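# Structural overview for review
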Amino acid sequence: MAKVELRDIRKTYNAEEIIKGVSLDIENEEFVVFVGPSGCGKSTLLRMIAGLEEISGGDLMIDGARVNDLEPAKRGLAMVFQSYALYPHMNVYRNMEFGLKLAGMPEAERRQKITDVARTLQLDAYLKHKPGQLSGGQRQRVAIGRAIVRNPKVFLFDEPLSNLDAALRGQMRVELATLHRRLKATTIYVTHDQVEAMTMADKIVVLQKGVVEQVGSPLELYHHPRNLFVARFIGSPPMNFLPVTTRSIDPEGVTVARDRGESLLVPVLPGETASAEALTLGVRPEHIVIDPEGDVHGTIRMVERLGALTLLHVTLADDTLLIVQTDGDHGGEIDRPIRLRLQADNCHLFDARGIALTKLTRHRLAR
Ligand SMILES: Nc1ncnc2c1ncn2[C@@H]1O[C@H](COP(=O)(O)OP(=O)(O)OP(=O)(O)O)[C@@H](O)[C@H]1O
Ligand SMILES: [Mg+2]
(Lines give C-alpha, C1' and ligand atoms only; values in the text may rest on other atoms or scores of the structure.)
(Ligands and ions follow the chains in the order given, each with its own letter.)
Protein backbone atom coordinates (compact mmCIF):
# COMPACT_ATOMS: atom_id res chain seq x y z
CA MET A 1 0.00 0.00 0.00
CA ALA A 2 1.51 3.32 -0.95
CA LYS A 3 0.26 6.69 -1.98
CA VAL A 4 2.85 9.16 -3.25
CA GLU A 5 2.18 12.90 -3.11
CA LEU A 6 4.30 15.64 -4.63
CA ARG A 7 3.62 19.11 -3.21
CA ASP A 8 5.21 21.94 -5.17
CA ILE A 9 8.42 19.94 -5.70
CA ARG A 10 11.35 21.98 -7.01
CA LYS A 11 14.91 21.27 -8.10
CA THR A 12 17.63 23.82 -8.64
CA TYR A 13 21.03 23.08 -10.18
CA ASN A 14 23.56 25.94 -10.06
CA ALA A 15 20.85 28.56 -9.46
CA GLU A 16 18.83 27.28 -12.42
CA GLU A 17 15.41 25.87 -11.64
CA ILE A 18 15.00 22.56 -13.50
CA ILE A 19 11.80 21.37 -11.78
CA LYS A 20 9.48 24.32 -11.28
CA GLY A 21 6.91 23.32 -8.71
CA VAL A 22 5.35 19.94 -9.53
CA SER A 23 2.27 18.86 -7.58
CA LEU A 24 0.85 15.42 -8.17
CA ASP A 25 -1.14 12.70 -6.41
CA ILE A 26 -0.19 9.14 -7.22
CA GLU A 27 -2.77 6.79 -5.77
CA ASN A 28 -2.17 3.41 -4.22
CA GLU A 29 -1.69 0.70 -6.90
CA GLU A 30 -1.77 3.29 -9.66
CA PHE A 31 0.50 2.99 -12.72
CA VAL A 32 1.64 6.51 -13.57
CA VAL A 33 3.72 7.31 -16.64
CA PHE A 34 5.89 10.44 -17.03
CA VAL A 35 6.40 11.62 -20.61
CA GLY A 36 7.92 14.74 -22.10
CA PRO A 37 10.73 15.88 -24.39
CA SER A 38 14.34 15.09 -23.58
CA GLY A 39 15.63 17.32 -20.78
CA CYS A 40 12.19 18.21 -19.37
CA GLY A 41 13.07 16.72 -15.97
CA LYS A 42 11.55 13.22 -15.92
CA SER A 43 14.63 11.45 -14.55
CA THR A 44 15.34 14.24 -12.10
CA LEU A 45 11.81 13.95 -10.70
CA LEU A 46 12.10 10.17 -10.43
CA ARG A 47 15.51 10.40 -8.75
CA MET A 48 14.16 12.89 -6.21
CA ILE A 49 11.34 10.49 -5.36
CA ALA A 50 13.89 7.66 -5.04
CA GLY A 51 16.08 9.78 -2.76
CA LEU A 52 19.06 9.75 -5.15
CA GLU A 53 18.78 13.48 -5.67
CA GLU A 54 18.19 16.13 -3.03
CA ILE A 55 14.84 17.96 -3.17
CA SER A 56 15.37 21.74 -3.37
CA GLY A 57 11.84 22.74 -2.39
CA GLY A 58 8.39 21.33 -1.64
CA ASP A 59 7.23 18.19 0.13
CA LEU A 60 7.42 14.57 -0.91
CA MET A 61 4.93 12.44 0.99
CA ILE A 62 4.65 8.65 1.03
CA ASP A 63 1.53 7.36 2.78
CA GLY A 64 1.03 10.74 4.40
CA ALA A 65 4.53 11.07 5.91
CA ARG A 66 7.06 13.61 4.66
CA VAL A 67 10.10 11.71 3.37
CA ASN A 68 12.26 14.51 1.87
CA ASP A 69 15.06 13.75 4.29
CA LEU A 70 14.61 9.99 4.60
CA GLU A 71 17.47 7.96 3.13
CA PRO A 72 16.66 5.98 -0.05
CA ALA A 73 16.77 2.54 1.59
CA LYS A 74 14.12 3.56 4.14
CA ARG A 75 11.58 4.87 1.61
CA GLY A 76 10.34 1.43 0.57
CA LEU A 77 11.00 2.06 -3.12
CA ALA A 78 12.88 0.15 -5.79
CA MET A 79 14.21 1.69 -8.96
CA VAL A 80 14.98 0.04 -12.31
CA PHE A 81 17.31 1.96 -14.62
CA GLN A 82 17.64 2.04 -18.39
CA SER A 83 21.24 0.80 -18.02
CA TYR A 84 20.11 -2.11 -15.74
CA ALA A 85 23.08 -1.35 -13.42
CA LEU A 86 23.77 -5.02 -12.62
CA TYR A 87 26.97 -6.13 -10.85
CA PRO A 88 28.96 -7.70 -13.71
CA HIS A 89 31.06 -10.00 -11.50
CA MET A 90 28.06 -11.50 -9.67
CA ASN A 91 25.78 -14.14 -11.11
CA VAL A 92 22.03 -13.62 -11.43
CA TYR A 93 21.32 -15.15 -8.04
CA ARG A 94 23.87 -12.94 -6.27
CA ASN A 95 22.64 -9.83 -8.10
CA MET A 96 19.14 -10.45 -6.81
CA GLU A 97 20.39 -11.39 -3.37
CA PHE A 98 22.61 -8.38 -2.79
CA GLY A 99 19.99 -5.93 -1.52
CA LEU A 100 18.30 -8.57 0.62
CA LYS A 101 21.59 -9.45 2.30
CA LEU A 102 22.26 -5.78 3.04
CA ALA A 103 18.80 -5.57 4.58
CA GLY A 104 19.72 -8.50 6.84
CA MET A 105 17.22 -11.04 5.51
CA PRO A 106 18.04 -14.61 6.67
CA GLU A 107 19.53 -16.95 4.08
CA ALA A 108 16.59 -19.40 3.81
CA GLU A 109 14.13 -16.57 3.29
CA ARG A 110 16.38 -15.02 0.65
CA ARG A 111 16.59 -18.29 -1.27
CA GLN A 112 12.81 -18.74 -1.17
CA LYS A 113 12.20 -15.23 -2.44
CA ILE A 114 14.74 -15.34 -5.24
CA THR A 115 13.55 -18.76 -6.41
CA ASP A 116 9.94 -17.51 -6.55
CA VAL A 117 10.75 -14.33 -8.42
CA ALA A 118 13.14 -16.09 -10.81
CA ARG A 119 10.35 -18.50 -11.70
CA THR A 120 7.90 -15.66 -12.35
CA LEU A 121 10.39 -13.92 -14.62
CA GLN A 122 11.50 -17.17 -16.30
CA LEU A 123 15.02 -16.72 -15.06
CA ASP A 124 15.29 -20.01 -13.11
CA ALA A 125 17.57 -21.55 -15.73
CA TYR A 126 19.97 -18.60 -15.60
CA LEU A 127 20.60 -18.14 -11.88
CA LYS A 128 24.27 -19.13 -12.22
CA HIS A 129 24.91 -16.95 -15.29
CA LYS A 130 26.73 -13.64 -15.05
CA PRO A 131 25.13 -10.60 -16.72
CA GLY A 132 27.67 -10.77 -19.58
CA GLN A 133 26.25 -14.18 -20.54
CA LEU A 134 22.66 -12.92 -20.83
CA SER A 135 20.68 -11.26 -23.60
CA GLY A 136 19.43 -7.69 -23.17
CA GLY A 137 15.93 -8.88 -22.31
CA GLN A 138 17.24 -11.34 -19.73
CA ARG A 139 19.40 -8.65 -18.14
CA GLN A 140 16.41 -6.37 -17.96
CA ARG A 141 14.47 -9.14 -16.24
CA VAL A 142 17.24 -9.54 -13.67
CA ALA A 143 17.11 -5.80 -12.97
CA ILE A 144 13.34 -6.06 -12.51
CA GLY A 145 13.73 -9.22 -10.40
CA ARG A 146 16.22 -7.46 -8.15
CA ALA A 147 13.58 -4.76 -7.60
CA ILE A 148 10.73 -7.21 -6.99
CA VAL A 149 12.48 -9.39 -4.38
CA ARG A 150 12.71 -6.36 -2.12
CA ASN A 151 8.93 -6.15 -2.03
CA PRO A 152 8.86 -2.39 -2.51
CA LYS A 153 5.80 -0.26 -1.88
CA VAL A 154 6.60 1.72 -5.01
CA PHE A 155 8.38 0.77 -8.24
CA LEU A 156 10.27 3.46 -10.13
CA PHE A 157 11.23 2.71 -13.74
CA ASP A 158 13.38 5.03 -15.86
CA GLU A 159 13.02 3.99 -19.52
CA PRO A 160 13.57 0.33 -18.62
CA LEU A 161 12.92 -1.04 -22.11
CA SER A 162 14.66 1.48 -24.31
CA ASN A 163 17.77 -0.66 -24.88
CA LEU A 164 15.77 -3.58 -26.24
CA ASP A 165 14.85 -4.32 -29.84
CA ALA A 166 11.28 -3.71 -30.95
CA ALA A 167 10.00 -7.28 -30.59
CA LEU A 168 11.47 -7.80 -27.13
CA ARG A 169 10.25 -4.41 -26.08
CA GLY A 170 6.70 -5.33 -27.02
CA GLN A 171 6.99 -8.62 -25.14
CA MET A 172 8.48 -7.00 -22.00
CA ARG A 173 5.78 -4.31 -22.10
CA VAL A 174 3.10 -6.97 -21.82
CA GLU A 175 5.06 -8.79 -19.11
CA LEU A 176 5.43 -5.61 -17.05
CA ALA A 177 1.74 -4.81 -17.37
CA THR A 178 0.85 -8.36 -16.29
CA LEU A 179 3.28 -8.15 -13.39
CA HIS A 180 1.72 -4.89 -12.26
CA ARG A 181 -1.74 -6.43 -12.29
CA ARG A 182 -0.44 -9.22 -10.08
CA LEU A 183 1.79 -7.30 -7.66
CA LYS A 184 -0.43 -4.21 -7.55
CA ALA A 185 2.46 -2.03 -6.36
CA THR A 186 2.24 1.69 -7.05
CA THR A 187 4.41 2.33 -10.12
CA ILE A 188 6.00 5.42 -11.64
CA TYR A 189 7.35 4.79 -15.13
CA VAL A 190 9.31 7.12 -17.40
CA THR A 191 9.26 6.47 -21.13
CA HIS A 192 9.69 8.07 -24.55
CA ASP A 193 7.52 5.40 -26.12
CA GLN A 194 3.96 6.42 -27.06
CA VAL A 195 2.71 2.86 -27.09
CA GLU A 196 4.11 2.11 -23.63
CA ALA A 197 2.58 5.30 -22.25
CA MET A 198 -0.83 4.74 -23.84
CA THR A 199 -1.14 1.03 -23.03
CA MET A 200 0.40 0.80 -19.56
CA ALA A 201 -0.67 4.00 -17.83
CA ASP A 202 -3.66 4.54 -15.59
CA LYS A 203 -2.53 8.14 -15.65
CA ILE A 204 -0.08 9.98 -17.90
CA VAL A 205 1.78 13.08 -16.70
CA VAL A 206 3.00 15.30 -19.56
CA LEU A 207 5.98 17.45 -18.58
CA GLN A 208 7.62 20.34 -20.36
CA LYS A 209 10.62 22.27 -19.00
CA GLY A 210 10.01 21.16 -15.43
CA VAL A 211 6.29 22.01 -15.46
CA VAL A 212 3.29 19.65 -15.62
CA GLU A 213 1.31 20.46 -18.78
CA GLN A 214 -1.51 17.96 -18.21
CA VAL A 215 -2.40 14.90 -16.15
CA GLY A 216 -5.04 12.45 -17.29
CA SER A 217 -5.90 8.97 -18.49
CA PRO A 218 -4.40 8.07 -21.88
CA LEU A 219 -7.72 8.59 -23.67
CA GLU A 220 -8.43 11.87 -21.88
CA LEU A 221 -5.15 13.21 -23.19
CA TYR A 222 -5.84 11.82 -26.66
CA HIS A 223 -9.37 13.23 -26.93
CA HIS A 224 -9.03 16.33 -24.76
CA PRO A 225 -5.52 17.76 -24.87
CA ARG A 226 -5.53 20.99 -22.86
CA ASN A 227 -3.17 22.85 -25.11
CA LEU A 228 -1.12 22.72 -28.30
CA PHE A 229 1.87 21.20 -26.53
CA VAL A 230 -0.05 18.15 -25.28
CA ALA A 231 -1.94 17.88 -28.58
CA ARG A 232 1.36 17.70 -30.43
CA PHE A 233 3.01 15.38 -27.94
CA ILE A 234 0.35 12.67 -27.52
CA GLY A 235 -0.40 10.65 -30.64
CA SER A 236 1.78 9.24 -33.38
CA PRO A 237 2.08 10.43 -36.07
CA PRO A 238 1.30 13.76 -34.41
CA MET A 239 -1.79 15.92 -34.84
CA ASN A 240 -1.93 18.23 -37.89
CA PHE A 241 -2.47 21.97 -37.39
CA LEU A 242 -4.12 24.51 -39.69
CA PRO A 243 -4.60 28.25 -39.20
CA VAL A 244 -8.32 29.18 -39.28
CA THR A 245 -10.61 32.10 -38.49
CA THR A 246 -13.88 32.05 -36.55
CA ARG A 247 -16.84 32.65 -38.87
CA SER A 248 -19.88 32.03 -36.71
CA ILE A 249 -20.67 30.97 -33.19
CA ASP A 250 -23.75 28.83 -32.52
CA PRO A 251 -25.06 26.59 -29.74
CA GLU A 252 -23.86 23.49 -31.68
CA GLY A 253 -20.34 24.83 -31.95
CA VAL A 254 -18.01 27.19 -33.72
CA THR A 255 -17.74 27.43 -37.51
CA VAL A 256 -14.22 28.17 -38.67
CA ALA A 257 -12.81 28.74 -42.12
CA ARG A 258 -9.43 28.53 -43.77
CA ASP A 259 -8.41 31.60 -45.75
CA ARG A 260 -9.27 29.79 -49.00
CA GLY A 261 -12.83 29.26 -47.99
CA GLU A 262 -13.78 25.77 -46.76
CA SER A 263 -15.62 26.04 -43.48
CA LEU A 264 -16.19 23.49 -40.76
CA LEU A 265 -18.50 23.39 -37.74
CA VAL A 266 -16.45 22.11 -34.80
CA PRO A 267 -18.45 21.07 -31.73
CA VAL A 268 -16.78 23.19 -29.04
CA LEU A 269 -18.38 25.33 -26.35
CA PRO A 270 -19.49 28.62 -27.87
CA GLY A 271 -18.40 31.58 -25.81
CA GLU A 272 -14.69 30.79 -25.64
CA THR A 273 -13.92 32.53 -28.93
CA ALA A 274 -14.96 35.79 -30.57
CA SER A 275 -16.03 36.24 -34.17
CA ALA A 276 -13.16 36.74 -36.63
CA GLU A 277 -10.64 35.45 -34.09
CA ALA A 278 -7.60 33.61 -35.43
CA LEU A 279 -7.52 30.04 -34.11
CA THR A 280 -5.57 26.85 -34.78
CA LEU A 281 -7.50 23.81 -35.94
CA GLY A 282 -6.02 20.45 -34.90
CA VAL A 283 -6.87 17.17 -36.58
CA ARG A 284 -5.17 13.80 -36.16
CA PRO A 285 -4.04 11.81 -39.24
CA GLU A 286 -6.60 9.10 -38.40
CA HIS A 287 -9.43 11.67 -38.47
CA ILE A 288 -8.95 12.80 -42.06
CA VAL A 289 -10.95 10.89 -44.65
CA ILE A 290 -10.15 10.56 -48.34
CA ASP A 291 -13.39 11.63 -50.02
CA PRO A 292 -13.91 12.50 -53.72
CA GLU A 293 -16.50 15.06 -52.52
CA GLY A 294 -14.26 16.42 -49.75
CA ASP A 295 -13.75 20.17 -49.72
CA VAL A 296 -10.08 20.15 -48.77
CA HIS A 297 -7.99 19.92 -51.96
CA GLY A 298 -4.38 18.84 -51.81
CA THR A 299 -1.56 17.05 -53.58
CA ILE A 300 0.11 13.84 -52.40
CA ARG A 301 3.82 14.49 -51.79
CA MET A 302 4.92 11.31 -50.09
CA VAL A 303 3.50 7.86 -49.40
CA GLU A 304 4.65 5.80 -46.40
CA ARG A 305 3.37 2.24 -46.59
CA LEU A 306 3.51 0.57 -43.18
CA GLY A 307 1.66 -2.59 -44.15
CA ALA A 308 -1.37 -2.36 -41.91
CA LEU A 309 -1.83 1.30 -42.82
CA THR A 310 -0.52 3.94 -45.16
CA LEU A 311 0.47 7.52 -44.32
CA LEU A 312 0.01 10.12 -47.04
CA HIS A 313 1.86 13.42 -46.81
CA VAL A 314 -0.41 15.92 -48.51
CA THR A 315 0.22 19.61 -49.14
CA LEU A 316 -2.61 22.10 -49.57
CA ALA A 317 -2.58 25.09 -51.95
CA ASP A 318 -1.04 27.30 -49.25
CA ASP A 319 1.69 24.67 -48.63
CA THR A 320 0.25 23.50 -45.30
CA LEU A 321 1.32 19.88 -44.79
CA LEU A 322 -1.23 17.31 -43.63
CA ILE A 323 -0.42 13.72 -42.69
CA VAL A 324 -3.36 11.49 -43.54
CA GLN A 325 -3.73 7.93 -42.29
CA THR A 326 -5.46 5.49 -44.59
CA ASP A 327 -5.65 1.74 -45.11
CA GLY A 328 -2.61 -0.36 -45.96
CA ASP A 329 -3.68 -1.03 -49.52
CA HIS A 330 -4.34 2.55 -50.50
CA GLY A 331 -2.83 3.14 -53.93
CA GLY A 332 -1.68 6.71 -53.24
CA GLU A 333 0.59 8.10 -55.92
CA ILE A 334 3.03 10.97 -55.56
CA ASP A 335 2.04 14.28 -57.24
CA ARG A 336 -1.59 13.18 -57.65
CA PRO A 337 -4.36 15.55 -56.51
CA ILE A 338 -6.48 14.29 -53.62
CA ARG A 339 -9.64 15.49 -51.87
CA LEU A 340 -10.02 15.17 -48.15
CA ARG A 341 -12.68 15.65 -45.49
CA LEU A 342 -11.86 16.48 -41.87
CA GLN A 343 -14.07 14.69 -39.30
CA ALA A 344 -15.47 17.73 -37.53
CA ASP A 345 -16.39 15.83 -34.34
CA ASN A 346 -12.77 14.81 -33.92
CA CYS A 347 -11.26 18.24 -34.61
CA HIS A 348 -9.76 20.47 -31.94
CA LEU A 349 -9.57 24.26 -31.75
CA PHE A 350 -6.89 26.22 -29.94
CA ASP A 351 -6.91 29.94 -29.21
CA ALA A 352 -4.03 32.34 -29.85
CA ARG A 353 -2.43 31.34 -26.52
CA GLY A 354 -2.54 27.69 -27.57
CA ILE A 355 -5.27 26.75 -25.07
CA ALA A 356 -7.89 24.25 -26.29
CA LEU A 357 -11.53 25.35 -26.56
CA THR A 358 -13.71 22.93 -24.55
CA LYS A 359 -15.20 20.22 -26.71
CA LEU A 360 -18.93 19.48 -26.76
CA THR A 361 -18.24 15.87 -27.20
CA ARG A 362 -19.54 12.39 -27.43
CA HIS A 363 -16.28 11.19 -25.93
CA ARG A 364 -17.48 11.51 -22.37
CA LEU A 365 -15.07 9.12 -20.78
CA ALA A 366 -15.89 6.85 -17.91
CA ARG A 367 -13.33 7.40 -15.17
N1 LIG B 1 23.60 16.96 -12.03
C2 LIG B 1 23.10 17.93 -12.82
N3 LIG B 1 23.63 19.17 -12.84
C4 LIG B 1 23.13 20.15 -13.61
N5 LIG B 1 22.06 20.00 -14.42
C6 LIG B 1 21.49 18.80 -14.47
C7 LIG B 1 21.96 17.70 -13.67
N8 LIG B 1 21.17 16.62 -13.91
C9 LIG B 1 20.27 17.03 -14.82
N10 LIG B 1 20.45 18.33 -15.14
C11 LIG B 1 19.61 19.11 -16.09
O12 LIG B 1 18.27 18.98 -15.70
C13 LIG B 1 17.42 18.92 -16.84
C14 LIG B 1 16.51 17.72 -16.73
O15 LIG B 1 17.28 16.55 -16.86
P16 LIG B 1 16.64 15.10 -16.79
O17 LIG B 1 17.73 14.11 -16.87
O18 LIG B 1 15.73 15.03 -15.63
O19 LIG B 1 15.77 15.10 -18.14
P20 LIG B 1 14.88 13.92 -18.76
O21 LIG B 1 13.51 14.46 -18.91
O22 LIG B 1 15.05 12.68 -17.97
O23 LIG B 1 15.54 13.77 -20.20
P24 LIG B 1 15.78 12.43 -21.10
O25 LIG B 1 14.46 12.15 -21.73
O26 LIG B 1 16.79 12.90 -22.09
O27 LIG B 1 16.26 11.34 -20.21
C28 LIG B 1 18.32 18.89 -18.06
O29 LIG B 1 18.32 20.19 -18.62
C30 LIG B 1 19.68 18.55 -17.49
O31 LIG B 1 20.68 19.15 -18.23
MG1 LIG C 1 15.90 10.79 -18.38
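Structure first, text after, so check above.
Residues numbered from 1 in each chain as written. Chains lettered and ligands numbered in written order. Predicted model: local features only at pLDDT ≥ 70, side-chain atom pairs only at ≥ 80, totals over all residues. Heavy atoms only, no water.

### Concerning the site of ligand 1
In the neighbourhood of ligand 1, the contacting residues comprise Tyr13, Ile18, Ser38, Gly39, Cys40, Gly41, Lys42, Ser43, Thr44, Glu159 and His192. Ser38 places a polar side-chain atom, nitrogen or oxygen, 2.5 Å from an oxygen atom of ligand 1. In this structure, Cys40 approaches ligand 1 through a main-chain N or O atom, which is 3.3 Å from an oxygen atom. Protein coverage of the free-state accessible area of ligand 1, which is 640 Å², stands at 59%. Looking at the shell around ligand 1 element by element, the count peaks at three residues for helix 1 (residues 42-50). (Near = heavy atom within 4 Å. Polar contact = N/O pair within 3.5 Å; in protein donor to acceptor, adjacent residues only side chain to side chain. Areas by Shrake-Rupley, 256 points an atom, 1.4 Å probe, with all protein chains shown as cover. Helix = DSSP H or I, 4+ residues; strand = E, 2+ residues; numbered from the N terminus.)

### Notes on the environment of Met61
Structurally, Met61 can be placed in strand 4 (residues 57-62). Considering only alpha carbons, one finds Met61 and Arg7, 54 residues apart in sequence, at a separation of 8.0 Å. Not counting residues up to four positions away in its chain, the partners in contact with Met61 are Lys3, Val4, Glu5 and Arg66. (Contact = heavy atoms within 4.5 Å.)

### Focus: the packing of aromatic side chains
Counted under the stated rule, the structure contains six aromatic pairs. With a centroid separation of 5.5 Å and an interplanar angle of 40°, the aromatic rings of Phe31 and Tyr189 are classed as tilted. With Phe31 in strand 3 (residues 31-35) and Tyr189 in strand 8 (residues 186-190), this residue pair connects regions lying 158 residues apart in the sequence. When sorted by exposure, Phe31 lands in the same class as Tyr189, which is buried. A centroid spacing of 6.1 Å and a plane angle of 70° characterise the contact between Phe241 and Phe350, whose relative ring orientation is edge-to-face. Of this pair, Phe241 sits in strand 11 (residues 240-250) while Phe350 is found in strand 20 (residues 348-350), placing the two residues 109 residues apart along the sequence. Taking the relative accessible area as the measure of exposure, Phe241 reaches 19% and is therefore buried. A connected cluster of aromatic rings, assembled from ring pairs, spans Phe31, Phe155, Phe157 and Tyr189. (Phe/Tyr/Trp six-rings, centres within 6.5 Å; stacked < 30°, edge-to-face > 60°. Buried < 20%, exposed > 50% of the residue type's maximum accessible area, 1.4 Å probe, protein only.)

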